Amino acid sequence: MALNIVLIVVASLLLLIGFIGTFVPVIPGAPLAWLGLLAAYFCSSCEISLLMLIVTAVLAVVVSVMDNIFPIIMTKNFGGSKAATTGSTIGLIAGLFMGPAGIIIGPFAGAFIGELIHNRGKSDGVFKAALGAFIGFLTGTGIKMVCVGFFIWYFIHSFF
C-alpha cells in the first residue's frame, strides 16, 4: 500500500512537471510526463496496459522531435534564418520572468530581434520571419500540451 502511494505521488509530480515542460523549453515535457505514466504502470491502483505504455512512449518521442522541428520549418517557410528560431527560444526564456504575457510575447520578440541582428539591422522580411518562428513555437507547444494533457487524462482515467 505504501509503495502504491509513493508511485502515485511520483507519477503525479512527473506529470505536473511534464505539463510545465510543455511551455518551459529547458524541461523535456512529454518525456517526463511519460515517465509519470511509467511510474503509474507499476502501481496496482492504476490500470495502464503495456500496449498503451508503448504507444504513449512513441507518442512522447514523436512529439518531442516535432517540437524541435516545427519552429525551424515554419521559420524557413516564412523566409527566416536560424537566428530567428534561436531568438524565439531566448525570448521565451526571458518571457518566463514577465508572466503569462511574456511567455507569449517573448518568443515573437526574440525571433524578431534575432532575425534583425542576422540581417544586420535591415528590416526586410524580419517581421515575417519572426511570425514564422512564433507560429512554429506555438504549434510545437500546442502539440506538446495536447499530448501531455492526454497523458494526464489517461493517468486519471486509469483509476476508474
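It should be noted that the structure appears before, not after, this text.
Residues numbered from 1 in each chain as written. Predicted model: local features only at pLDDT ≥ 70, side-chain atom pairs only at ≥ 80, totals over all residues. Heavy atoms only, no water.

S.K.: Lay out the overall build of the protein in plain terms, naming residues and giving numbers.
M.R.: From N to C terminus, the protein includes six helices and zero strands. With the C-alpha coordinates of the protein rotated into their principal frame, the extents come out at 65 × 30 × 20 Å. Within the protein, the proportion of its 160 residues that are buried is 39%. If you take every contact in the protein between residues at least 6 apart in sequence, the share linking residues at least 24 apart comes to 66%. If you sum the accessible surface of the protein, you get close to 8600 Å²; carbon and sulfur atoms cover 79% of it. (Helix = DSSP H or I, 4+ residues; strand = E, 2+ residues; numbered from the N terminus. Buried < 20%, exposed > 50% of the residue type's maximum accessible area, 1.4 Å probe, protein only. Contact = heavy atoms within 4.5 Å. Areas by Shrake-Rupley, 256 points an atom, 1.4 Å probe, with all protein chains shown as cover.)

S.K.: Can you tell me about the nonpolar core, naming the residues and giving the values?
M.R.: Counting 20 residues, the largest nonpolar core has Leu37, Ala40, Cys46, Ile48, Phe151 and Phe155 as its most contacted members. Elements represented by at least two residues in this core include exactly α1 (2–20), α2 (29–41), α3 (50–77) and α6 (126–157). The greatest single-element share of this core, amounting to six residues, is contributed by α2. With sequence-adjacent residues up to four places away left out, Leu37 is seen in contact with Ile48, Leu53, Thr56, Phe151, Tyr154 and Phe155. (Core = buried A, V, L, I, M, F, W, Y, C linked by side-chain atoms within 4.5 Å.)

S.K.: Which residues make up the packing of α3 against α6, and what values do they have?
M.R.: Closest axis-to-axis distance for the α3/α6 pair is 6 Å, and the angle between their directions is 170°. The angle between the axes of α3 and α6 places the two elements in the roughly antiparallel class. (Axes fitted to C-alpha atoms, helices over the stretch in contact; angles between N-to-C directions. Parallel < 35°, antiparallel > 145°, perpendicular 65-115°, else oblique.)

S.K.: Tell me about the state of the cysteines, and name the residues and values.
M.R.: Scanning the entire structure with this criterion turns up zero disulfides. Unpaired in this structure, Cys46 has its nearest cysteine sulfur neighbour in Cys43, at a distance of 4.1 Å. For Cys46, a relative accessible area of 6% translates into the label buried. (Disulfide = S-S within 2.5 Å.)

S.K.: Quick one: what's the story with a nonpolar patch on the surface, residue by residue and with numbers?
M.R.: Residues Met1, Ile5, Val9, Leu13, Leu16, Ile17 and Ile20 make up a contiguous nonpolar surface patch of roughly 680 Å² in combined accessible area. Within the secondary structure, Ile17 sits in helix α1. (Patch = residues over 30% accessible without salt bridge, like charges linked within 9 Å, V, L, I, M, F, W, Y side chains within 5 Å. Salt bridge = Lys/Arg side-chain N within 4 Å of Asp/Glu carboxyl O.)

S.K.: Describe the packing of aromatic side chains, naming the residues involved and giving the relevant values.
M.R.: Tallied over the full model, the rule gives nine aromatic pairs. Three or more aromatic residues link up through ring pairs in this structure, and these residues are Phe108, Phe112, Phe127 and Phe134. (Phe/Tyr/Trp six-rings, centres within 6.5 Å; stacked < 30°, edge-to-face > 60°.)

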